[in-house]
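Notes for the structure review
So the chains spell out like this:
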Amino acid sequence: MKKIFSQVLLFFCLMFAMAAQADVLGDYSFVGTLGDKIPVRLKFAVNGEEIAVGEIYYPKAKHPAPILVVGAPTNDEGWYSLKEYQSDGTITGIMQFKIVENDNEEPYISEGTWTNPKTVKSLPMKNFTTNDDAQTGRIDVTDYLDYEDPQNIGREYAYSIWNPRYNAMMGGTVKFRGAGKYKLHFEVCNAPGNIAEGKSDLNRPAVLGEATHDYFYYDNVNECGYSFSAHFFKKFVVLKSTTVLYDKLKCFGMGVAFDGVYIKVVQ
């Protein structure tokens, strides 16, 4: 009986690992410097929804510790945009860089910049090559693409970034509340500049995906044609617009929508 149980347990573990790997478009581990003096380790994985998740580590910082980075590939081939998020949702760094991948050599970052959003100080990303160290270069994809259990979805998520126009920290919040099994009501206020606000209809909550229950798609917010998706990870939720042809001025302020990474701040 114990042998059978062990075999069944192994089977499910293997199936979970295969499912996680099937959802991965790429994983990377780099070492390099910001400017000439700041050593950095950067690791991240990209899933099937083109959400990049990982960490950046500054070994010479006063209190070195991994910092969450989340972002996505851009529309330009090989280019990525990642942001650093503190535990309260504050964005402390923005990276734009290009990864070169050839058949005969390890991936490397050919060009890029790291920018402090408050001071607007930028540093070039230099000499970013694949980290082959057995310890610091190791990537466990599930550490990064760690999807949330529906029972642990938080009540509130938030982020903030410095807005030089208003000389203040601005950002967004998302609030969730249960509406039945695998169903959620939501309320979003995203205001990094202009304001995008919306909530689920009273009689039409969001329904989590049937297979994994760690995402949902919601159409026609505010009855103005705007649709978006929410993808839940252990520490944050990613909101992404899913419609292209809608009247933003009818729905929200100009140049703003729900898009963003919101860190869990209230369980």
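What you are looking at is a predicted structure, and each value in this text was computed from that prediction instead of being measured.

On to the packing of aromatic side chains, then. Evaluated as defined, the whole model comprises 25 aromatic pairs. Relative to F233, the ring of Y147 has its centre 5.1 Å away and its plane inclined at 40°; by these criteria the two rings are tilted. On the criterion of sequence distance, the pair formed by Y147 in the loop between α2 (141–144) and β9 (156–163) and F233 in the loop between β15 (226–232) and β16 (236–241) is long-range, its members being 86 residues apart. Assessed through its relative accessible area of 26%, Y147 is described here as partly exposed. Judged by centre distance (5.7 Å) and plane angle (80°), the rings of F216 and F228 are edge-to-face. With a gap of twelve residues between them, F216 in strand β14 (residues 215–221) and F228 in strand β15 connect regions that are remote in the sequence. Across the pair, exposure class does not vary: F216 and F228 are buried alike. Within the aromatic cluster, the residues linked to one another by ring pairs are Y157, F176, F186, F216, Y218, Y226, F228, F232, F252 and F258. The ring of W162 has K118 sitting right over it, with the charged end atom 4.6 Å from the ring centre.

This part is about the environment of V265. With respect to the secondary-structure elements, V265 resides in strand β17 (residues 260–266). Residues V265 and A158 lie 107 residues apart in sequence; the distance between their C-alpha atoms is 6.6 Å. Once residues within four sequence positions are removed from consideration, V265 is found in contact with D88, E156, Y157 and A158.

What follows is about the state of the cysteines. Per the counting criterion, the structure on display carries one disulfide. C224 shares a disulfide with C251; S-S distance 2.0 Å. Between C224 and C251, the S-S dihedral sits near 120°, and the bridge is therefore right-handed. With a gap of 27 residues between them, C224 in the loop between β14 and β15 and C251 in helix α3 (residues 248–251) connect regions that are remote in the sequence.

Time to look at the pattern of salt bridges. Inspection of every chain in the model, using the stated rule, returns four salt bridges. The shortest N-O distance in the salt bridge between E148 and K264 comes to 2.7 Å. Of this pair, E148 sits in the loop between α2 and β9 while K264 sits in strand β17, and the two are 116 residues apart along the sequence. Judged on exposure class, the residue E148 and its partner K264 are both buried. For R204, the salt bridge identified is with D201, shortest N-O distance 3.0 Å.

With that settled, the discussion passes to a negative patch on the surface. Together, E105, E106, D132 and D133 make up a negatively charged patch on the protein surface. For D133, the location among the structural elements is in the loop between β8 (122–130) and α2. Using a relative accessible area of 40% as the deciding quantity, one classes D133 as partly exposed.

Calculation notes
Residues numbered from 1 in each chain as written. Predicted model: local features only at pLDDT ≥ 70, side-chain atom pairs only at ≥ 80, totals over all residues. Heavy atoms only, no water. Phe/Tyr/Trp six-rings, centres within 6.5 Å; stacked < 30°, edge-to-face > 60°. Helix = DSSP H or I, 4+ residues; strand = E, 2+ residues; numbered from the N terminus. Buried < 20%, exposed > 50% of the residue type's maximum accessible area, 1.4 Å probe, protein only. Lys NZ or Arg CZ within 6 Å of the ring centre and 35° of its normal. Contact = heavy atoms within 4.5 Å. Disulfide = S-S within 2.5 Å. Salt bridge = Lys/Arg side-chain N within 4 Å of Asp/Glu carboxyl O. Patch = residues over 30% accessible without salt bridge, like charges linked within 9 Å, V, L, I, M, F, W, Y side chains within 5 Å. Areas by Shrake-Rupley, 256 points an atom, 1.4 Å probe, with all protein chains shown as cover. Lys, Arg positive; Asp, Glu negative; His and termini not counted. Charge placed at Lys NZ, Arg CZ, Asp CG, Glu CD.

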